[in-house]
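The lines below spell out each chain.
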There are 2 protein chains.
Amino acid sequence: MIAEGVAVDVKNFRLLIQYDGKRYNGWQRQGNTDRTIQGKLEQILSRMMGHAVEIHGAGRTDAGVHARAQTASVKLNTEHTAAELMDELNTYLPADIAVTACDEMPERFHARLNAKGKRYCYRLCDGGVPDVFRRNYVCAWPERLDVEAMRAAAELLTGTHDFRAFSSVNRRFRKSTVRTIHELRIVRSGQEICFTLRGTGFLYHMVRILVGTLVEIGAGQRGPETILTALESLDRQQAGITMPPQGLMLEEVYY
Amino acid sequence: MIAEGVAVDVKNFRLLIQYDGKRYNGWQRQGNTDRTIQGKLEQILSRMMGHAVEIHGAGRTDAGVHARAQTASVKLNTEHTAAELMDELNTYLPADIAVTACDEMPERFHARLNAKGKRYCYRLCDGGVPDVFRRNYVCAWPERLDVEAMRAAAELLTGTHDFRAFSSVNRRFRKSTVRTIHELRIVRSGQEICFTLRGTGFLYHMVRILVGTLVEIGAGQRGPETILTALESLDRQQAGITMPPQGLMLEEVYY
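Just so it is clear, the model here is predicted, and its values are computed rather than measured. (Residues numbered from 1 in each chain as written. Chains lettered and ligands numbered in written order. Predicted model: local features only at pLDDT ≥ 70, side-chain atom pairs only at ≥ 80, totals over all residues.)

## Considering the overall build of chain A
Counting secondary structure elements, chain A contains 5 helices and 10 strands. Here the C-alpha atoms of chain A give a radius of gyration of 20 Å, agreeing with the 18 Å that 2.2 N^0.38 yields for 255 residues. Here the C-alpha coordinates of chain A stretch approximately 60 × 45 × 30 Å along the principal axes. Counting across all 255 residues of chain A, residues that qualify as buried make up 38%. Taking the intrachain contacts of chain A between residues at least 6 apart in sequence as the baseline, contacts between residues at least 24 apart amount to 71%. (Helix = DSSP H or I, 4+ residues; strand = E, 2+ residues; numbered from the N terminus. Rg over C-alpha atoms; globule rule 2.2 N^0.38 Å. Buried ≥ 20, exposed ≤ 12 C-beta atoms within 10 Å, placed from the backbone. Contact = placed C-beta atoms within 7 Å.)

Quick look at the structure:
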């Protein structure tokens, strides 16, 4: 491990990372380092540096969730420039993970602690035959959904609320479950519907449960107004299903 | 096998088929039926019908080549409507093959014999970090290519020529190797280049060799005018490399 803030030689890099989450147990390192994105990156960086390296991601995407631009920071005692670091990482990374940008940042930059917000997209196909080439990034839904009803419900979700009901956090979770959703946009193009969620931060499973609740509304199983009772209840049982991971993509992290 | 043109009950179906060629040994049935698209379709149709069924594809895509709209025809003695047949096929097909349209056609329609032409696209990425989500459909090329030089060469290829030099047909292949290319368009968007080829028909490996020759021209390894000597030579050695299959997609078949 590198002691933080010690040497003048230590560089602080910000990485933008793109990955297909299908083969992985999510971002966060677990026992078997080969099956997480963080573990894979740390394994390569540690080999490059000759000692253990820790990398900090802005968000812990779940198993099967994708990222177009996950952001991570890592401090390295290296003579590599940012461009050289990116090239070397891409040489060793598997084809389903890529570093798309790398910059040297001021010493105090931290990908998770400095993140101001995130944007996620959830994509689903609600009619016809799902596109074979997008099958790993779009969730197939068997019924046609009512986008107008979902939009009415989305309006009720926008803003600052206690989203405890819309998360899988433990009942005894003591930290604040208040979050702000700046934007919840629903756009249909052909047989594909894209839900864009932009906010200060999202609780465990929150995006997938929000979309699951909207989908139940779009399918006519519940009315848009049930959003309000679910929010007030703080009870997971009042919200909808957790959508499967493959439709979810971390699109951007804001600083 | 169904004897052709016998019963009033025999219906002739046209199928549009989309597939990700990565896991397959191409369209054409071989020994192990599970590893070809034709084999997979015939296996399911034969089980549905209770006897061997033969399906005819418009083009024999190679191992690893994709199709957005391969066209096939099949005669079946069935009470199924076209919509029912499509649903049933999609129920049993793996996630990387889908029937996107199905219509009943006049008795004489044959997907291969009646095809008037085909459109293929070859996609490559010649700069930056290739997009992780398109990695199976776009070929990564290490050098930046000169699109203008490739367009000059593409103009020389358009029209009716003997394309023997641009194919992997056996030297003793006796059939005509004259084909007409109606359009050879090269469009860059960002770091991706798309080659669109529309013509009456294409010889074995012809699209991949045409693109390989253009790529050598775009990389400055040969001049656009070498297209003329290659065409005249009828000699495979005078043309360029055969591009890898994953960038190639059969986009449409014309009737």
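This is not the end of the story, as more comes after the structure.
## Some remarks on the interface of chain A and chain B
Where the parts come together, the accessible area they lose is often given as the size of the interface. Contacts between the two partners involve 15 residues from chain A, matched on the other side by 14 residues from chain B. Residue assignment for the side of chain A that touches chain B shows that the elements contributing at least two residues are strand 1 (10-19) and strand 4 (97-105) of chain A. By residue number, the principal contributor to the side of chain A that touches chain B is strand 4 of chain A, which donates 4 residues. Its residues assigned to classes, the side of chain A that touches chain B shows 9 nonpolar, 3 polar and 3 charged. (Nonpolar A, V, L, I, M, F, W, Y, C, P; charged D, E, K, R; others polar.)

## Remarks on the domain arrangement of chain A
Residue and element names in this part refer to chain A. Along its sequence, chain A is carved into domain 1 (10-105) and domain 2 (117-254). Taking only C-alpha atoms into account, the centre of domain 1 sits 28 Å from that of domain 2. Counting residues at the interface gives 16 residues for domain 1 and 11 residues for domain 2. Residues that form the side of domain 1 that touches domain 2 fall into these classes: 5 nonpolar, 7 polar and 4 charged. (Domains from an automatic or database assignment.)

## What about helix 3 (residues 147-157) of chain B?
Residues and elements named next belong to chain B. M150, A153, A154 and L157 are the residues of helix 3 that are buried. All buried residues of helix 3 project into a common sector of 110° when viewed along the axis, lining one side. For helix 3, the exposed residues set more than 90 degrees away from the buried face come down to E148 and E155. Where helix 3 is buried, its residues contact strand 8 (178-189), helix 4 (206-218) and helix 5 (226-233). Once helix 3 ends, the next one or two residues include G159, with phi positive near 110°. (Arc of directions from axis to C-beta.)

## Re the environment of D62 of chain B
Its place among the elements puts D62 of chain B in the loop between strand 2 (56-57) and strand 3 (66-77). Residues D62 of chain B and P94 of chain B lie 32 residues apart in sequence; the distance between their C-alpha atoms is 19 Å.

## A few points about the packing of helix 3 (residues 147-157) of chain A against helix 4 (residues 206-218) of chain A
Residue and element names in this part refer to chain A. At their nearest, the axes of helix 3 and helix 4 sit 8 Å apart, and the two run at 140° to each other. Taken as axis vectors, helix 3 and helix 4 run oblique relative to one another. Note on packing geometry: the crossing formed by helix 3 with helix 4 is right-handed. In this structure, helix 3 uses V147, A149, M150, A153, A154 and L157 to contact helix 4, whose residues at the interface are L210, L214, I217 and G218. In the contact of helix 3 with helix 4, the residues fall into 9 nonpolar, 1 polar and no charged. (Axes fitted to C-alpha atoms, helices over the stretch in contact; angles between N-to-C directions. Parallel < 35°, antiparallel > 145°, perpendicular 65-115°, else oblique. Left-handed = near helix turned anticlockwise from the far one by under 90°.)

## What about the relation of the copies chain A and chain B?
With an RMSD of 0.0 Å, chain A superimposes on chain B once it is rotated by 180° and translated 0.0 Å along the axis. Taken together, these values place the two copies in the relation of a two-fold axis. Comparing interface residues between copies, 93% of those in chain A also lie at the interface in chain B; the contact surface is shared. (Least-squares fit on C-alpha atoms with pLDDT ≥ 70 in both.)

## A word on the pairing of strand 9 (residues 192-199) of chain A
All names here are of chain A. Here strand 9 shows one buried face, formed by I193, F195, L197 and G199, and one open face, formed by E192, C194, T196 and R198. Summarising the sheet, strand 5 (residues 117-125) and strand 9 pair through 8 bridges and their orientation is antiparallel. Opposite R123, over in strand 9, you have C194 as the bridge partner. Where strand 8 (residues 178-189) meets strand 9, 8 bridges bridge the pair, whose relative direction is antiparallel. The residue of strand 9 that forms the bridge with I186 is F195. Linking two consecutive strands that pair antiparallel, namely strand 8 and strand 9, is a turn of 2 residues; a positive phi of about 65° is found at G190 within it. (Pairing = 2+ DSSP bridges.)

## Brief notes about the environment of D96 of chain B
Assignment of secondary structure puts D96 of chain B in the loop between helix 2 (82-92) and strand 4 (97-105). Residues D96 of chain B and Y24 of chain B, spaced 72 residues apart in sequence, show a C-alpha to C-alpha distance of 9.8 Å. Setting aside its immediate chain neighbours within four residues, D96 of chain B contacts V132 of chain A together with Y19, D20 and R23 of chain B.

## Looking at unusual backbone geometry
Look at L234 of chain A: it is not a glycine, yet its phi comes out positive at around 60°. Tracing the chain through its elements places L234 of chain A in the loop between helix 5 (226-233) and strand 10 (248-254). Given 15 C-beta atoms within a 10 Å radius, L234 of chain A is considered partly exposed. Even without being a glycine, H205 of chain B presents a positive backbone phi close to 70°. By the secondary structure assignment, H205 of chain B is in the loop between strand 9 (192-199) and helix 4.

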